[in-house]
Amino acid sequence: MSRYAYLFEGLTVRRVAWVTLICVVATAIVVWFFINTYLDLLVTSLCVGYTSMVLFTIAGNLRESAMPREVRQVLAIVAGSFIGTVLTGIVKGRDLLQMFTERLAGVTISMSLGIGFGCVVVAWFILREKLARDQARILAAESERHQFEKNMLQARLQLMQAQVEPHFLFNTLANVQHLVETDPANASRMLDSLIKYLRAAMPQMRESATNLGREVEMSRAFLEITRMRMGTRLTYDVDVPEALRSRQFPPMMLISLVENAVKHGIDPCCDAGSISIRAREDNGRLTVSVADTGEGILPKKGTGVGLSNIRERLKTLHGTSARLILQENAPHGVVAAIEIDDNPATEAAPTVTGAAAAA
């Protein structure tokens, strides 16, 4: 019997309860038009209703049939009304021959009522299933759309991460080549810092999340390379509490701020300047800042991709719970800070304070 169990799928207690309720209500409606007692008509209604329900379920679950499912179910209601009427006669102890001869008119009325109510129920079930199928298609389409948007955002994120400024790498290699001939000890130290930088940077370019400690070490290696290239023109310090180093942080963003501070802050203007990396946490809000004592926020022609990429990547990864802030660093220079809120319920939309420096 187990091989035919699928035919009865959907024959649940809930469906039985619905059919019982329909039979009770239908009997209460038609009893006023007949001399039968309510109980007598209820027995007829239940026999026809339960039989039709079983055949309706089987007809809907047939796997191989040239006939449309809805047609099979309507025919199941007709057959159920006939078989249910015969079953009613057996339950009531009636003579079946007499039922289909002398009492044919009453039998016909019972079958007609069963078919009528049954077809209404079939139409209701078909409408419900159609609505359910339409809803499922809408949900599937919505799910595909969200997945497509997610894939697009991920692709954009990877593209943004790939746009990290690579020129310093070639400059560093050129400096190493020069130092090998003039100052082998410094060449060795610069090469060691470059290895540390690449070891930290290469895997993170392909990731959507890392921790603050790895980002800080990569930025420290970059600054050490840059300090060796610029000499006494650059000093730096890092103040990141050990407890915050394990916090998740978007990859390649801190290094972008550091590069921006060197390229557009210290390098163009100063005989001597400094860069400071700080991290603080307040009520679940992580703030990581890069402050320089360089040129400051000035109107510039054109726009670069560095800071705009950071804003886009923060929006992609964190929505409104993260933002980039630019402020003047008195008496001169810029403070660029990334704020990420772990409790974004009251967070405002991402904003940028001050004019964006070109990147």
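Because the structure is predicted, anything quoted here is derived from the model rather than measured.

A. Spatial organisation of the overall build of the protein. Within the protein one finds 10 helices and 7 strands. The long-range share in the protein, meaning contacts at least 24 apart out of those at least 6 apart in sequence, stands at 73%. When the accessible surface of the protein is totalled, it reaches about 20200 Å², and 61% of it is carbon and sulfur.

B. Region of the structure containing a nonpolar patch on the surface. Together, Trp18, Leu21, Val25, Ile29, Trp32, Phe33 and Trp124 give the surface a local cluster of nonpolar side chains, amounting to about 810 Å² of exposed area. Structurally, the position occupied by Ile29 is in helix H1 (residues 13-30). Looking at Ile29, the relative accessible area reads 45%, which means it is partly exposed.

C. How the structure looks around the sheet that holds strand E5 (residues 285-292). Here we have 5 strands laid out as an open sheet, ordered E2-E4-E5-E7-E6, and mixed in their pairing. In this open sheet, the two edge strands, each paired with only one partner strand, are strand E2 (234-239) and strand E6 (322-328). The average angle at which neighbouring strand axes cross in this sheet is 15°, direction not considered. Of the pairings in the sheet, the one linking E2 to strand E4 (residues 273-282) comprises 6 bridges and is parallel in character. What sits directly across from Thr235, in E4, is Ser274. The sheet strands contacting helix H8 (residues 212-230) are E2, E4 and E5, and the helix crosses E2 at an angle near 165°.

Criteria and cut-off values
- Residues numbered from 1 in each chain as written.
- Predicted model: local features only at pLDDT ≥ 70, side-chain atom pairs only at ≥ 80, totals over all residues.
- Heavy atoms only, no water.
- Helix = DSSP H or I, 4+ residues; strand = E, 2+ residues; numbered from the N terminus.
- Contact = heavy atoms within 4.5 Å.
- Areas by Shrake-Rupley, 256 points an atom, 1.4 Å probe, with all protein chains shown as cover.
- Patch = residues over 30% accessible without salt bridge, like charges linked within 9 Å, V, L, I, M, F, W, Y side chains within 5 Å.
- Salt bridge = Lys/Arg side-chain N within 4 Å of Asp/Glu carboxyl O.
- Buried < 20%, exposed > 50% of the residue type's maximum accessible area, 1.4 Å probe, protein only.
- Pairing = 2+ DSSP bridges.
- Axes fitted to C-alpha atoms, helices over the stretch in contact; angles between N-to-C directions.

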